[in-house]
Amino acid sequence: MDLQLPPHEGAVISVVDMHTGGEPLRVIVSGYPEVRGDSVLSKRRYAREHLDHLRRFLMHEPRGHYDMYGALIVDSEIPEADLGVLFMHNDGYSTMCGHAVIALGRFAVDNKLVKEPQSPETQVNIHCPCGLVKAFVEYSGGKTGGVRFHSVPAFAFATDVTVTVEGFGEVVVDVSYGGAFYAFVSAQRFGLDVNKSRTRDLVDAATAVTKAVKSQVKLHHPTSDDLAFLYGTILTDGKDEFSSDPTANICVFAEAQVDRSPTGSGVTARVALQYHKGLIQLNQTRTFQSGATGSQFTGKAVQETKCGGFRAVVVEVAGRAFYTGVSRFVQEPDDELAHGFLLNHQGPFRGS
Ligand SMILES: O=C(O)[C@H]1NCC[C@@H]1O
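It should be emphasised that the depicted structure is a prediction, and the values quoted were computed from it without experimental measurement.

Basis of the calculations
Residues numbered from 1 in each chain as written. Predicted model: local features only at pLDDT ≥ 70, side-chain atom pairs only at ≥ 80, totals over all residues. Heavy atoms only, no water. Helix = DSSP H or I, 4+ residues; strand = E, 2+ residues; numbered from the N terminus. Rg over C-alpha atoms; globule rule 2.2 N^0.38 Å. Buried < 20%, exposed > 50% of the residue type's maximum accessible area, 1.4 Å probe, protein only. Contact = heavy atoms within 4.5 Å. Areas by Shrake-Rupley, 256 points an atom, 1.4 Å probe, with all protein chains shown as cover. Lys, Arg positive; Asp, Glu negative; His and termini not counted. Charge placed at Lys NZ, Arg CZ, Asp CG, Glu CD. Near = heavy atom within 4 Å. Polar contact = N/O pair within 3.5 Å; in protein donor to acceptor, adjacent residues only side chain to side chain. Nonpolar A, V, L, I, M, F, W, Y, C, P; charged D, E, K, R; others polar. Phe/Tyr/Trp six-rings, centres within 6.5 Å; stacked < 30°, edge-to-face > 60°. Lys NZ or Arg CZ within 6 Å of the ring centre and 35° of its normal. Salt bridge = Lys/Arg side-chain N within 4 Å of Asp/Glu carboxyl O. Pairing = 2+ DSSP bridges. Right-handed = clockwise from strand over helix to strand, strands pointing away. Domains from an automatic or database assignment. Expected span 1.5 Å × (residues − 1).

This part is about the overall build of the chain. Secondary structure assignment for the chain yields five helices and 20 strands. Relative to the globule expectation of 20 Å for 352 residues, the C-alpha radius of gyration of the chain, 20 Å, shows essentially globular dimensions. Seen along its three principal axes, the alpha-carbon backbone of the chain occupies a region of about 60 × 50 × 40 Å. The buried share among the 352 residues of the chain stands at 56%. Long-range pairs, those at least 24 residues apart, make up 63% of the contacts in the chain between residues at least 6 apart in sequence. Summed over its atoms, the accessible surface of the chain is roughly 15,100 Å², and 48% of this surface lies on carbon and sulfur atoms. When the 33 basic and 40 acidic side-chain charges of the chain are each reduced to a single mean position, those positions are 3 Å apart.

The ligand sits among 13 residues. The nearest are Gly-98, His-99, Asp-259, Gly-264 and Ser-265. Between the ligand and Tyr-69, the relevant distance is 3.2 Å, taken from an oxygen atom to a side-chain nitrogen or oxygen of the residue. Residue Tyr-231 places a side-chain N or O atom 2.8 Å away from an oxygen atom belonging to the ligand. Put simply, the parts of the chain that give the shell around the ligand at least two residues each are helix 3 (98-110) and helix 5 (264-276). Classifying every residue of the shell around the ligand gives six nonpolar, five polar and two charged.

Right, let's talk about the packing of aromatic side chains for a bit. The final tally for this structure, using the stated rule, is twelve aromatic pairs. On the numbers, 6.5 Å between centres and 80 degrees between planes, the contact of Phe-229 with Tyr-231 is edge-to-face. Three or more aromatic residues link up through ring pairs in this structure, and these residues are Tyr-69, Tyr-182, Phe-184, Phe-229, Tyr-231 and Phe-253. Sitting over the ring of Phe-136, Arg-148 keeps its end group 4.4 Å from the ring centre.

Attention shifts here to the pattern of salt bridges. All chains considered together, the criterion is met by 15 salt bridges. The shortest N-O distance in the salt bridge between Asp-17 and Arg-26 comes to 3.0 Å. For the pair Asp-17 and Arg-26, a shared accessibility class is recorded, and that class is buried. In this structure, Asp-226 engages Arg-45 in a salt bridge whose closest nitrogen and oxygen atoms are separated by 2.8 Å. Of the two residues, Asp-226 is situated in the loop between helix 4 (199-216) and strand 12 (230-236) and Arg-45 in helix 1 (residues 40-50); the sequence distance between them amounts to 181 residues. Its relative accessible area of 19% is what places Asp-226 among the buried residues. A relative accessible area of 33% means that Arg-45 is categorised as partly exposed.

With that out of the way, let us pick up the pairing of strand 12. The buried fraction of strand 12 is high, at seven of seven residues. Here six bridges tie strand 11 (residues 181-186) to strand 12, and the two strands are oriented parallel to one another. Along strand 12, the bridge assignment pairs Ser-186 with Thr-236. Between the parallel elements strand 11 and strand 12, the chain passes through helix 4 in a crossover that is right-handed. Relative to strand 13 (residues 247-253), strand 12 runs antiparallel, the two being bridged by five bridges. Looking at the pairing, Thr-236 lines up with Asn-249 of strand 13.

Turning our attention to the environment of Val-147. You can see Val-147 is positioned in strand 8 (residues 143-150). Along the primary structure Val-147 and Val-101 are separated by 46 residues, whereas in three dimensions their C-alpha atoms are 8.5 Å apart. Residues in contact with Val-147, not counting those within four places in the same chain, are Val-101, Ile-102, Arg-106, Ala-135, Phe-136, Val-137, Val-317, Ala-318 and Gly-319.

Before going further, it helps to spend a moment on the domain arrangement of the chain. Considered domain by domain, the chain is made up of domain 1 (9-150 + 323-327) and domain 2 (155-319). Each of domain 1 and domain 2 was reduced to a C-alpha centroid, and the two centroids are 23 Å apart. Across the boundary between the two partners, domain 1 contributes 28 residues, which contact 31 residues of domain 2. At the boundary of domain 1 and domain 2, one finds 18 residue pairs in polar contact (both at pLDDT 80 or more). Examining the composition of the side of domain 1 that touches domain 2, we find that five residues originate from one element, strand 8, more than from any other. Taken together, the residues of the side of domain 1 that touches domain 2 break down into eleven nonpolar, eleven polar and six charged.

Once that is clear, we can look at helix 3. For helix 3, which comprises 13 residues, the first-to-last C-alpha distance of 19 Å matches the rise-based estimate of 18 Å (1.5 Å per residue) to within 8%. Across the 13 residues of helix 3, twelve count as buried, placing the element largely inside the fold. Among all positions in helix 3, only Gly-98, His-99, Ala-100, Val-101, Ile-102, Ala-103, Leu-104, Gly-105, Arg-106, Phe-107, Ala-108 and Val-109 are buried. Looking one or two residues beyond helix 3, the residue adopting positive phi is Lys-112, at roughly 60 degrees.

Printed below as a string of structure tokens:
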């Protein structure tokens, strides 16, 4: 059967779907209008202000779902970048996304966005809103495989901060930056287990922490105010001391969105925190496991550096991404739900 597109209005948007450790990545390959701006950060602002209907069209139902994630490839103003990217989720636009970098590394090599692929690894420089991230993609016999990346300087922003969390009282959290800011706290503080508790309970606790930190801790980033916001909360199993055993965490980000992967930017921030506390040394590789799916990334601090006045580290994160499909999305003129809506099991219907 020769599949035809139905009669539609507006652009046809083509995507390639992938996943990294279970976390989806919808890579937008054509159909988007020009994203204006003279930097990746200003393009992020432009997309938020002028093109947000397209994010909802692709991320929300009926084409996406509550926990969908996307990447829009854009031009970068940095000469050494092979590509620029904007990240999108259920509520807006992120500044860093490790699971997406792992998938995009493969995508870039497979789709010849880099010059000549090299074996055993091809370097892909991806300009994310937080800065230049270097991905190293396994490449052999014409096939791409696992990906490791070096993120932007990561640093512990504040440790042992007491916040008052609705429903839980005073909670002590750490705040760390790995291209995006996260609050970290052991799930045990809420009587929960990141591997065994109901996802809904983990989401409720993490969301309450996010709300508290957002209102009670003022964040700042040395290079741009656009980076100074709390992206989410990561509940951990509390096993921060170095060990060859995996340590589990679950990341709840954006609007109570649950990462299926161990969270590349979260692993970056968590390694920076562990390094800051003297719990891990340079080049000690730790395995991080998703409490949601059991999928794993590895992470290690590879170099000391600075970010403004913060002592920072370059963190290497490694994982594997897979392709799941290719789609072309359209909108029929008489479809009242075509613009996208969100439904989760806890809240009311939210049309967009
Ligand atoms: O791997 C990561 O860094 C991302 N996954 C979804 C939330 C984060 O952006």
